[in-house]
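The residues making up each chain are set out below.
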Amino acid sequence: MATQHIVKSYDQEITLLTRKVLEMGGLVEHQIAKAIDALVKRSVEDAAKVIEFDDQIDRMEEEIDQHAIRLLATRQPMAVDLRLITMTMKISNDLERIGDYAANIAKRCKRLAASPPIKPLYTIPRMAQITQAMVKDVLDAYVERDSDKAVAAWHRDDEVDDMYTSVFRELLTYMMEDPRNISACLDLIFAAKHLERMADHATNIAEKIHYMIHGQRINRLPAEA
Amino acid sequence: MAASRAQLERIDYPRLIGRARQADLLFAGAGLVVMLVAMSMLMVLIVDLAIDGMGRLSWDFLTSFPSRRPERAGILSAWVGTSLVMLVTAFLAVPLGVGAGLYLEEYASKNWLTDIIEINVTNLAGVPSIIYGLLALGLFVYAFGLGETILVAGMVLALLILPVVIVATREAIRSIPQEVREGAYALGADQWQTVRMYILPAARPGILTGTIVGLARAIGETAPVITIGALTFIAFLPPPPIEGEFPFVNFDWLQSPFTLMPIQMFNWISRPQAAFHVNAAAAGLVLLVMTLLMNGLAIYIRYRIRKGIR
Amino acid sequence: MSNARAQRVADQMPPRAAWHERPASAGVESLGAEAGPLVADRREPLARAASPESAPRAEAAGHKVEVRRLSFWYGDFQALKDISIPIGEGAVTALIGPSGCGKSTFLRCFNRMHDLYPGNRYDGEIVLFPDGINIVDRRTDPMLPRLRIGMVFQKPNPFPKSIYENVAAGLRIRGIRRKSLLDDKVELGLRQASLWDEVKDRLQTSAYELSGGQQQRLCIARALAPDPELLLLDEPTSALDPIATARIEELIDELRQVYTIVIVTHNMQQAARVSQKTAFFHLGKMIEFDDTDHIFTNPKHSMTQDYITGRFG
């Protein structure tokens, strides 16, 4: 879309909306990094900060929703504008859920710090890395309106799912080895699950971006649980 | 941008408004003065007429024939003649004029021929009335042999006011908004249906006004009527149109000789006796009243048309 | 979602098939078994609640009119260039586009209104079904399409007559004189235009005493009384306030059950609300013609998108 709206304030408001989403996205990325960091370093302090900060993210989602609703009422957007505004509302929702999961990981971290450490975790940080990359990529795709990037990120979900399965198996063997590990392992499994759900939400964002740009959904394989 | 802004700021608005108000007052005042002058002249004329003639008005005056003695002279034959001639004039001028105006406006294609006809029609309105009299004399009285009758008088006056009626009809039709026409055609009406059901009814007020203007002019036209031979001393009335035996209506009155109000007035005013001048003034008052009545009738008809939308 | 809740939602839906003609989207279906009952429950009561006339007609029925390569000239100026559109029966087709794009010109070709003014020329065909006559053929008498097609104009233009006479106008023109028949048809026309209740006590009063919105509905009644096959609406609400506009849009929704409608509007939201198919015009050409949903959510042409999003025009 090379041209601008005839009414410049319309463009300005859309730019503002986009910027808010980016801001929120940046905060979410930050939260993820901090949560994983806390998990690996077993730092209760850092975990507490992450949990506290989640409110901010919730507030931003509200703000974005308000702004988008106002745009719907005042501008009667059509076609690409309509898709952009409605999908932005849904994307902010997905971002908020990702933020929630980051806070959940931080909560697990607090419990884990209380019990003795298990064997060094390799896979979970790897999962976190990919998830973070996915989130970053979809945010980039959103601002650049680049559907190829979004689709590429969308495909990486399988990787994360596979990694979750392997983490699960690994922790399962630890649990079977020594029952005293069960509590800690369960927390880790949940943390990994949270990461996997984060990746799912990033995938959702990728789908919305594709719809936003093309007006069509990404053709997908039958959904699985 | 800054320079013009500064220019605007230097404008003295109160003074500008003051000057505008002064101009308004001046113009309104001048208009008022002119109108008062015109009205007062008119009033003076009417009052003068009234002073002279009011005393002479009486039932006898209205129902007596003219006579050599001023105190016995009346305007019976004159006002009957005027009324009958006006009837014939209206009867001839309205259908012809409205028909012609309708044709020119709705049916004729817009080409050079129509333009020429248009110009001619408007010009005819300005032709001196005596020329119409000469035409009527040569054509109707001698060539057609119709004689010096009410019929011919009606015909010549109809010719006289025909351009007025045509122009009024055209203006009235033109003032009907195009939307009404489009609405009618969109419903599937053909041209005649549109004209008959929508255009003519809507144009009626305008046509009526034009007709009255024309008749008001005709009622006072003396020259053409004298030319075709209206008499100045008539001591009888035309035969009545309605009679007791079959066929109950006759048109002999059309063939009758006649006189008109203005002719009678002219005749009296030319006489030396002062008493006849009084008669003339009284007749003038009656003529004024007749004109006013005609106008009143037109206004009443317009009012009824406006109210009763059919 | 429980079946009971789904039923409650379905019951609240209006009994018309307005937006529910289209099959449920693929997305809903791919939800799988979980969504099965929900989807089935929603569609079935809707189909039952919808009256027989409101069953999907646009897709099932044929075309009422087919415009084939229509061109039109005002003198030397070509106002319409090679336009081909089908007009679906029992559906509302909207024509949108910037000023001067030819949408009103196009509409007025259907009932040969251009013939009222000299110097105009048609080329191509507008084929009226079921008999297949070409409306713009020189040999076709302009009165023929006008007797079968009704038109409502942008500015309400009631005749300077009574309300009754306005609605009866089309009937009188067709030679109907019997008072009882006229009475019935006038009442029917006014009822169809949702005006009967407001004027039934004052049918003999002047049409000019009505408000703007009422006058426009009167013009709609006038167009409907002679039972046309096709209804042409030329920006019918552009001179009306929002409430009157909404009432006429509601009217269009109802009329769609019975009549085929073509509406020209410069209000895109209105086109999106009332029509099933939309055509976008620009400088005498038809740029895009598609289902209304597609045009307004994901148009194929960039010019269409630029226009409807307010980027030009």
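So, how was this worked out
Within each chain, residue numbers correspond to sequence positions counted from 1 in written order. For this description, chains carry letters from A and ligands carry numbers from 1, given in the order in which they are written. The predicted nature of this model means local features are confined to residues of pLDDT at least 70 and side-chain atom pairs, given and counted, to a pLDDT of 80 or more, with totals for whole chains, interfaces and linings taken over all residues. At least two bridges found by DSSP between two strands is the condition for calling them paired. Only DSSP runs of H or I covering at least 4 residues are called helices, and only runs of E covering at least 2 are called strands; the numbering of each starts at the N terminus. By definition, residue pairs are in contact when their C-beta atoms, positioned from the backbone, come within 7 Å. Here an axis means a line fitted to C-alpha atoms, over the contact stretch when the element is a helix, while the angle between two N-to-C directions is reported on a 0 to 180 degree scale. Each domain's limits were defined by an automated method or a database of domain assignments. Just so you know the grouping, Ala, Val, Leu, Ile, Met, Phe, Trp, Tyr, Cys and Pro go in nonpolar, Asp, Glu, Lys and Arg go in charged, and all remaining residues, Gly too, go in polar. An angle below 35 degrees is treated as roughly parallel, one above 145 as roughly antiparallel, one from 65 to 115 as roughly perpendicular, and anything else as oblique. Each helix crossing is assigned a hand: it is left-handed if the near helix lies turned anticlockwise from the far helix by less than a right angle, otherwise right-handed if that turn is clockwise. To count as a nonpolar core, a set of buried Ala, Val, Leu, Ile, Met, Phe, Trp, Tyr and Cys residues must be joined through C-beta atoms within 7 Å. Any residue whose C-beta has 12 or fewer other C-beta atoms within 10 Å is treated as exposed, any with 20 or more as buried, and any in between as partly exposed, C-beta atoms being built from the backbone. Handedness rule for crossovers: strands pointing away from the viewer, path from the first strand over the helix to the second running clockwise, crossover right-handed. Any helix carries an expected span of 1.5 Å times its number of residues minus one. In this scheme, the bend at a residue equals the angle between the axes fitted to the seven residues that finish there and the seven that begin there.

1. Remarks on the sheet that holds strand β5 (residues 133-134) of chain C
Residues and elements named next belong to chain C.
- On the basis of which strands lie adjacent, the open sheet formed by 4 strands has the order β2-β1-β4-β5 and antiparallel pairing. Every other strand in the sheet has two partners, leaving β2 (77-88) and β5 as the edge strands with one partner each.
- Across 8 bridges, strand β1 (residues 63-74) lies against strand β4 (residues 120-128) in antiparallel orientation. When the bridges of β4 are listed, Val 65 appears paired with Leu 128.
- Against the sheet, helix α4 (residues 103-110) contacts β1, β2 and β4, and its axis sits at roughly 65 degrees relative to β2.

2. Some remarks on the domain arrangement of chain B
All names here are of chain B.
- In terms of domain boundaries, chain B breaks down into domain 1 (13-54) and domain 2 (58-307).
- Put simply, the middle of domain 1 and the middle of domain 2, counted by C-alpha atoms, are 33 Å apart.
- In this assembly, 5 residues from domain 1 lie in contact with 5 residues from domain 2.
- Residue classes in the side of domain 1 that touches domain 2 are distributed as 3 nonpolar, 1 polar and 1 charged.

3. A closer look at the interface of chain C and chain B
- Across the contact, 20 residues belong to chain C and 15 residues belong to chain B.
- Of all the secondary-structure elements, those providing two or more residues to the side of chain C that touches chain B are α5 (143-148) and α6 (163-173) of chain C.
- Sorting elements by how many residues they give to the side of chain C that touches chain B places α6 of chain C first, with 4 residues.
- Grouping the amino acids of the side of chain C that touches chain B by side-chain chemistry returns 10 nonpolar, 5 polar and 5 charged.

4. Some details on the interface of chain C and chain A
- Taken together, the contact pairs 14 residues of chain C with 15 residues of chain A.
- Elements with a contribution of two residues or more to the side of chain C that touches chain A: α11 (268-274), α12 (292-297) and α13 (302-308) of chain C.
- Looking at which element gives the most residues to the side of chain C that touches chain A, the answer is α13 of chain C, with 3 residues.
- Of the residues that constitute the side of chain C that touches chain A, the class distribution is 5 nonpolar, 7 polar and 2 charged.

5. A word on the packing of helix α9 (residues 212-224) of chain C against helix α10 (residues 242-255) of chain C
Residue and element names in this part refer to chain C.
- Where α9 contacts α10, the axes come no closer than 9 Å and their chain directions differ by 20 degrees. Classified by the angle between their axes, α9 and α10 sit roughly parallel to one another. Crossing angle aside, the handedness with which α9 passes α10 is right-handed. Across the interface between the two elements, Gly 212, Gly 213, Gln 216, Arg 217 and Ile 220 from α9 touch Ala 244, Arg 247, Ile 248 and Leu 251 from α10.
- Tallied by class, residues from the contact of α9 with α10 come to 4 nonpolar, 3 polar and 2 charged.

6. So, the environment of Gly 284 of chain B
- Checked against the element boundaries, Gly 284 of chain B lands in helix α12 (residues 274-307).
- In contact with Gly 284 of chain B, other than residues within four places in its own chain, are Leu 49, Gly 53 and Met 265 of chain B.

7. Structural notes on the nonpolar core
- If you look at the biggest cluster of nonpolar residues, it comprises 207 residues, and the most contacted ones within it are Ala 106, Val 138 and Ala 202 of chain A together with Ala 153, Val 156 and Ile 161 of chain B.
- Here this core gets 19 residues from one element, more than from any other, and that element is helix α7 (residues 150-174) of chain B.
- Beyond its immediate sequence surroundings of up to four residues, Val 156 of chain B is in contact with Tyr 132, Gly 133, Ala 136, Pro 224 and Ile 228 of chain B.

8. A few points about the environment of Ile 219 of chain B
All names here are of chain B.
- Within the secondary structure layout, Ile 219 lies in the loop between α9 (191-218) and α10 (223-227).
- Among the residues examined, Ile 219 registers 20 C-beta atoms within 10 Å and is labelled buried.
- Put simply, Ile 219 and Gly 188 are 31 residues apart on the chain and 44 Å apart in space, counted from C-alpha to C-alpha.
- Contacts of Ile 219, omitting those with residues within four sequence positions, involve Thr 82, Met 86, Met 290 and Thr 291.

9. Notes on the pairing of strand β3 (residues 92-96) of chain C
Residues and elements named next belong to chain C.
- Most of β3 is tucked away, with 5 of its 5 residues classed as buried.
- Residues Val 92, Ala 94 and Ile 96 line one face of β3 and the alternating positions Thr 93 and Leu 95 line the opposite face, and both faces are buried.
- Note: β3 against strand β8 (residues 260-264), 4 bridges, orientation parallel. Residue pairing across strands places Leu 95 opposite Val 264, the latter belonging to β8.
- Here 4 bridges tie β3 to strand β9 (residues 277-282), and the two strands are oriented parallel to one another. Counted as the bridge partner of Leu 95 is Ala 279 from β9.

10. Section: the sheet that holds strand β7 (residues 230-234) of chain C
All names here are of chain C.
- An order of β6-β7-β8-β3-β9-β10 is seen for the 6 strands of this open sheet, with the pairing classed as mixed. Here the strands that pair on one side only, and so sit at the sheet edges, are β6 (149-152) and β10 (285-291). For this sheet, the mean inter-axis angle between neighbouring strands, taken without regard to orientation, is 15 degrees.
- Pairing between β6 and β7: 4 bridges, direction parallel. Residue pairing in the sheet places Gly 150 in a bridge with Leu 231 of β7.
- Of the strands in this sheet, β6 and β7 are in contact with α9, which crosses β6 at around 170 degrees.

11. Comments concerning the pairing of β8 of chain C
All names here are of chain C.
- Judged by how many residues are buried, β8 sits mostly within the fold: 5 of 5 residues are covered.
- Judged by which residues are buried, β8 turns out to be covered on both faces: Thr 260, Val 262 and Val 264 on one side and Ile 261 and Ile 263 on the other are all buried.
- In this sheet, β8 lies alongside β7 in parallel orientation, the contact comprising 5 bridges. In the strand pairing of β8, Leu 230 is matched with Thr 260.
- Each parallel crossover has a hand, and for β7 linked through α10 to β8 it is right-handed.

12. Side note on helix α6 (residues 129-143) of chain B
- In this model, α6 of chain B (15 residues) spans 20 Å end to end at C-alpha, consistent with the 21 Å of a helix rising 1.5 Å per residue.
- The principal kink in α6 of chain B, of about 35 degrees, is found at Ala 136 of chain B.

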